[in-house]
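Here is how the chains run, residue by residue.
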Amino acid sequence: MSGKEIEQPLSMSPEDIEPGRIKFFGVCHIVFGSLGLMNVAYGIVMQFLREPLFRVTQTGGPNRIQEIQNVMYRDLAVSIWINIGMALVVGILILRAGIALTKRRQSSVRLSNAYALSSLIAKAIGILVFLLLTLPVIGGALTAMLAESNGALPEWTERLPVLIGAIGVGGFLLSTIYPLCTFVMLNKDNVRQHLAKHGT
């Protein structure tokens, strides 16, 4: 045997091991944030281009159904702008949190929590806007368009606004899953301890 001492492997405590959820949620935040901001940009453009595009593509005067649709879009403008504003704020926050997570910033959990909280608040406001502003407009427009059709209407059309409302509220509730998951998974002790010790 040689007289050289065998180097012992460095001991690693739990906080030295990077939890995979840091990078996972960082990438997801960036992807979802980028897609959200793209949707915001598209929504803003369409708010200004919808009527000009309609006039360009329309041959002759609009029929009654098209007139109802035009009125509906004008009446939905307030709720659309509210949703665009909330989506812009949430998109910026989630993108900022995602960049911080991928760079292992010590502030990344705090930034992600700010996104999750703002997202949940925006979704609660979104449900109210949908029920109080959007649903009545869409329901009225559908009723008017169905009234323009010839013949007796099937019975299920009377329940159509209720169905649309249920789908809309259900969609909002399902969209809370991701921010809730990020809040729960990123506030674990091992995540906070690792970022506190190794974060930049």
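Cut-off values and rules
- Residues numbered from 1 in each chain as written.
- Predicted model: local features only at pLDDT ≥ 70, side-chain atom pairs only at ≥ 80, totals over all residues.
- Heavy atoms only, no water.
- Axes fitted to C-alpha atoms, helices over the stretch in contact; angles between N-to-C directions.
- Helix = DSSP H or I, 4+ residues; strand = E, 2+ residues; numbered from the N terminus.
- Parallel < 35°, antiparallel > 145°, perpendicular 65-115°, else oblique.
- Left-handed = near helix turned anticlockwise from the far one by under 90°.
- Contact = heavy atoms within 4.5 Å.
- Nonpolar A, V, L, I, M, F, W, Y, C, P; charged D, E, K, R; others polar.
- Phe/Tyr/Trp six-rings, centres within 6.5 Å; stacked < 30°, edge-to-face > 60°.
- pLDDT = per-residue confidence, 0-100.
- Buried < 20%, exposed > 50% of the residue type's maximum accessible area, 1.4 Å probe, protein only.
- Arc of directions from axis to C-beta.

Caption draft 1: Structural view of the packing of helix 4 (residues 108-147) against helix 6 (residues 177-186). In the contact formed by helix 4 and helix 6, the axes pass within 9 Å of each other and the chain directions differ by 150°. Of the possible angle classes, the one that applies to helix 4 and helix 6 is roughly antiparallel. Helix 4 and helix 6 meet at a crossing whose hand is left-handed. Here Val109, Ser112, Asn113, Tyr115, Ala116, Ser119 and Leu120 of helix 4 lie close against helix 6, whose contacting residues are Tyr178, Pro179, Leu180, Thr182, Phe183 and Leu186. Within the contact of helix 4 with helix 6, the residues separate by chemical class into nine nonpolar, four polar and no charged.

Caption draft 2: Examining the packing of aromatic side chains more closely. One pass over the full model with this rule turns up six aromatic pairs. Centroid distance phenylalanine 24 to phenylalanine 25: 5.2 Å. Interplanar angle 75°. Geometry classified as edge-to-face. Note on phenylalanine 25 and tyrosine 178: the rings are 6.0 Å apart at their centroids and 50° apart in plane angle, and the pair reads as tilted. Here phenylalanine 25, found in helix 1 (residues 20-57), pairs with tyrosine 178, found in helix 6; they are 153 residues apart in sequence, far enough to count as distant. The structure contains a cluster of three or more aromatic residues connected by ring pairs, namely Phe24, Phe25, Phe32, Tyr115 and Tyr178.

Caption draft 3: Inspection of the confidence of the model for the chain at higher detail. Averaged over every residue, the pLDDT of the chain is 82; the share at 70 or more is 80%. Predicted confidence in the chain is weakest over helix 7 (residues 189-198), with a mean pLDDT of 77, and strongest over helix 3 (residues 77-102), with 94.

Caption draft 4: Structural view of helix 7. Those residues of helix 7 not exposed but buried are Val191, His194 and Leu195. Burial along helix 7 is one-sided: seen end-on, the buried residues are contained in an arc of 95°. In helix 7, the exposed residues that point more than 90 degrees away from the buried face are Asp189 and Ala196.

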